[in-house]
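# Chain and residue survey
The chain contents come next:
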Amino acid sequence: MDEFRADLHCHTTFSDGSYTPTELLKEAKRVGIQAIAITDHDTTGAYRQALTIAPSYSIELLPGIELSSIERREPVHILGYAFNENDEGLQRFCLAHQRRRKERNRAIIERLKNLKLPIEEEDFPINSGSVGRPHIAYAMVKRGYVDSIQRAFKLYLKEGGLAYVEGDHFSAEETIEVIHRAGGVAVIAHPHLITDQAVVDYMLTLPIDGLEAYYCYYPKSKCERWLRIAKKKDLLITGGSDFHGSVKKIALGASWTERATFELLRQHYQKTIDALPKSD
Ligand code: AMP
Ligand code: ZN
Ligand code: FE
Ligand code: FE
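Conventions and cut-offs
- Here, residues in each chain are numbered from 1, in the same order as that chain's written sequence.
- Ligands are numbered from 1 and chains lettered from A, in the order in which they are written.
- Only residues with pLDDT of at least 70 get local features here, since the model is predicted, and only at 80 or more are side-chain atom pairs given and counted; chain-wide, interface and lining totals rely on the full set of residues.
- Think of the side-chain values as coming from all heavy atoms in the structure, minus any hydrogens and water.
- With water excluded from the atoms, a metal site may look incomplete; its donors are any N, O or S atoms within 2.8 Å, or within 3.2 Å for Na, K and Ca.
- Only runs of H or I of at least four residues qualify as helices and only runs of E of at least two qualify as strands under DSSP, and these elements are numbered from the N terminus.
- Here a site with four donors is tetrahedral if all angles are between 85 and 135 degrees, and a site with four or six donors is square planar or octahedral if opposite donors are over 155 degrees apart and the other angles are between 65 and 115; anything else gets the irregular label.
- The rule is simple: take the accessible area with a 1.4 Å probe, protein chains only, and divide by the maximum for that residue type; under 20% is buried, over 50% is exposed, in between is partly exposed.
- Two strands are said to pair when DSSP picks up at least two bridges between them.
- With its strands directed away from the observer, a crossover is right-handed exactly when the path from the first strand over the helix to the second travels clockwise.
- The contact rule is simple, with two residues in contact once any of their heavy atoms fall within 4.5 Å.
- Angular values range over 0 to 180 degrees, each being the angle between N-to-C directions of two axes fitted as lines to C-alpha atoms, with helices fitted over their stretch in contact.
- Roughly parallel covers angles under 35 degrees, roughly antiparallel covers those over 145, roughly perpendicular covers 65 to 115, and oblique covers all other angles.
- Each residue receives one of three labels: charged for Asp, Glu, Lys and Arg, nonpolar for Ala, Val, Leu, Ile, Met, Phe, Trp, Tyr, Cys and Pro, and polar for the others, Gly being one of them.
- For this description, a residue counts as near a given molecule or strand if any of its non-hydrogen atoms is within 4 Å of it.
- Side-chain atoms alone can form a polar contact between residues adjacent in sequence; in general such a contact is a pair of N or O atoms within 3.5 Å, and within protein one must be able to donate a hydrogen while the other accepts it.
- For accessible areas, the Shrake-Rupley method is used with a probe of radius 1.4 Å. Any residue's cover is judged against the shown protein chains and nothing else.
- The way it works is a 1 Å grid over only the protein atoms, where trapped points that fit a 1.4 Å probe form a cavity and open points with protein on both sides within 12 Å along at least five of seven lines form a pocket, and then any residue with an atom within 4 Å of a point lines it.
- Molecule-in-pocket calls rest on the fraction of atoms, with more than half required to lie within 2 Å of the cavity or pocket grid points.

A few words on the coordination of the iron ion (ligand 3). The protein atoms that coordinate the iron ion (ligand 3) are E66 (OE), H77 (ND1) and H190 (NE2), at distances spanning 2.1 to 2.2 Å. Mapping the donors of the iron ion (ligand 3) onto the primary sequence yields the spacing E-x10-H-x112-H. The distance between the iron ion (ligand 3) and the zinc ion (ligand 2) comes to 5.8 Å. Taken as a pair, H77 in strand β5 (residues 74–81) and H190 in the loop between β6 (185–188) and α7 (197–203) lie far apart in primary sequence, 113 residues in all.

In this section: the coordination of the zinc ion (ligand 2). Every protein donor of the zinc ion (ligand 2) is accounted for by D16 (OD), D16 (OD), H41 (NE2) and H244 (NE2), and the metal-donor separations fall at 2.1 to 2.6 Å. Geometry at the zinc ion (ligand 2) is irregular, judged from the six donor atoms that bind it and their angles of 52 to 153° at the metal. Summarised as a motif, the one-chain spacing of the donors to the zinc ion (ligand 2) is D-x24-H-x202-H. You can call D16 buried: its relative accessible area is 9%.

Alternating positions in β6 separate into two faces, V185 and V187 on one and A186 and I188 on the other, with burial throughout. In terms of strand pairing, β6 meets strand β7 (residues 210–215) through two bridges, oriented parallel. Residue pairing for β7: I188 is matched across the bridge by L211. Chirality of the crossover, the property in question, places the unit of β6, α7 and β7 among those that are right-handed.

Relative to the helices and strands, R100 is located in helix α3 (residues 88–114). Spatially, the C-alpha atom of R100 lies 36 Å from that of R259, the residues being 159 residues apart in sequence. Once residues within four sequence positions are removed from consideration, R100 is found in contact with D42, S68, D168, H169 and F170.

On to the sheet that holds strand β1 (residues 6–10). Pairing in this open sheet of three strands is parallel, and the strands run β1-β2-β3 from one edge to the other. Each edge of the open sheet is held by one strand with a lone partner, namely β1 and β3 (60–62). Looking at each pair of strands side by side, their axes are set apart by 25° on average, direction ignored. Examined bridge by bridge, strand β2 (residues 35–38) and β3 share three bridges and lie parallel to one another. Bridge pairing links A37 to L62 in β3. Running over the sheet, helix α9 (residues 259–274) touches β1, β2 and β3 and is turned about 65° from β3.

Put simply, helix α4 (residues 133–142) and helix α5 (residues 149–157) touch, their axes get as near as 9 Å, and they point 110° apart. On the basis of their axis angle, the class for α4 and α5 is roughly perpendicular. Here R133, P134, I136, A137, Y138, M140 and V141 of α4 lie close against α5, whose contacting residues are I149, A152, F153, Y156 and L157. Here the contact of α4 with α5 is built from residues that sort into eleven nonpolar, no polar and one charged.

The next thing to look at is the environment of T238. By secondary structure assignment, the location of T238 is in strand β8 (residues 236–240). Sequence spacing of T238 and Y19 is 219 residues, and the spatial spacing of their C-alpha atoms is 23 Å. Here T238 is in contact with V187, L211, E212, A213, Y214, T257 and T261, once residues within four sequence places are set aside.

Next up on the list: the site of ligand 1. Near ligand 1 you find D16, H41, R101, R104, G132, R133, P134, F153, H244 and K248, and these make up its full shell. H41 places a polar side-chain atom, nitrogen or oxygen, 3.1 Å from an oxygen atom of ligand 1. R133 places a polar main-chain atom, nitrogen or oxygen, 2.8 Å from an oxygen atom of ligand 1. Its free accessible area being 500 Å², ligand 1 has 79% of it covered by the protein chains. A majority-of-atoms criterion places ligand 1 in the largest pocket. Of all the elements in the fold, those that place two or more residues in the shell around ligand 1 are α3 and α4.

Taken by themselves, the reported measurements are silent on function.
Dropping the structure here:
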């Protein structure tokens, strides 16, 4: 059996994960996986930090990101891989997302205040990047309003919850274009979570490069539909755990990408880098 596993979906303290980049690399080594892509929400900050230390853990790193979009009121997450992490368009897009997050978080906090559940940004866990609903959920647990992050989502923060705010958003089409312009490949994250068939159909008309058919602890039966579609449309088949550390109970390496696909992504990255103008 091929022992190679590349977990191409995990989060760090640069977004809503609880592990620092170093702790994540240590964990990857501990569970025996060979490669990872850090796919923080709307930031590549962790990649830059992890790059210098990854060789000492013998873990291969691929640049990654998870960008949120909304189609027909439904969240659709798009993973970007193997892009030039210094691409100006991509970094500008990340900054636009940070602004969107700030405004949305403010609106959610305002709603909570009106529900007599005030929280302060000081309640958030230490963070150096993309702040989102998990941070708000954490603050609500800390204040004793709910007994778990899951409960905070269920009652208040998920779509339709009492304090839910959709906020500003970007389209999937625009997101895919930003990733492509940065030389990357665009993969639909956890397609299993899209509930509206019309959104699935629409997404498959866009110039995507792959599907995250293997996700989290999802059994083969749940993945088969996506494997079939990917094969039929000649799309990359990727996999990842969506590891968030203590925020979610999923182990790193719960799902993974196979060697041959990782090899294609590695080659793609090499081409992206080779195409950049030389600075000297
Ligand atoms: P945001 O980026 O602020 O829209 O928050 C989305 C993130 O919240 C997701 O990527 C998950 O990490 C987390 N999340 C979404 N739904 C839930 C839930 N029901 N329970 C716990 N975490 C969730
Ligand atoms: Zn997340
Ligand atoms: Fe996601
Ligand atoms: Fe994720």
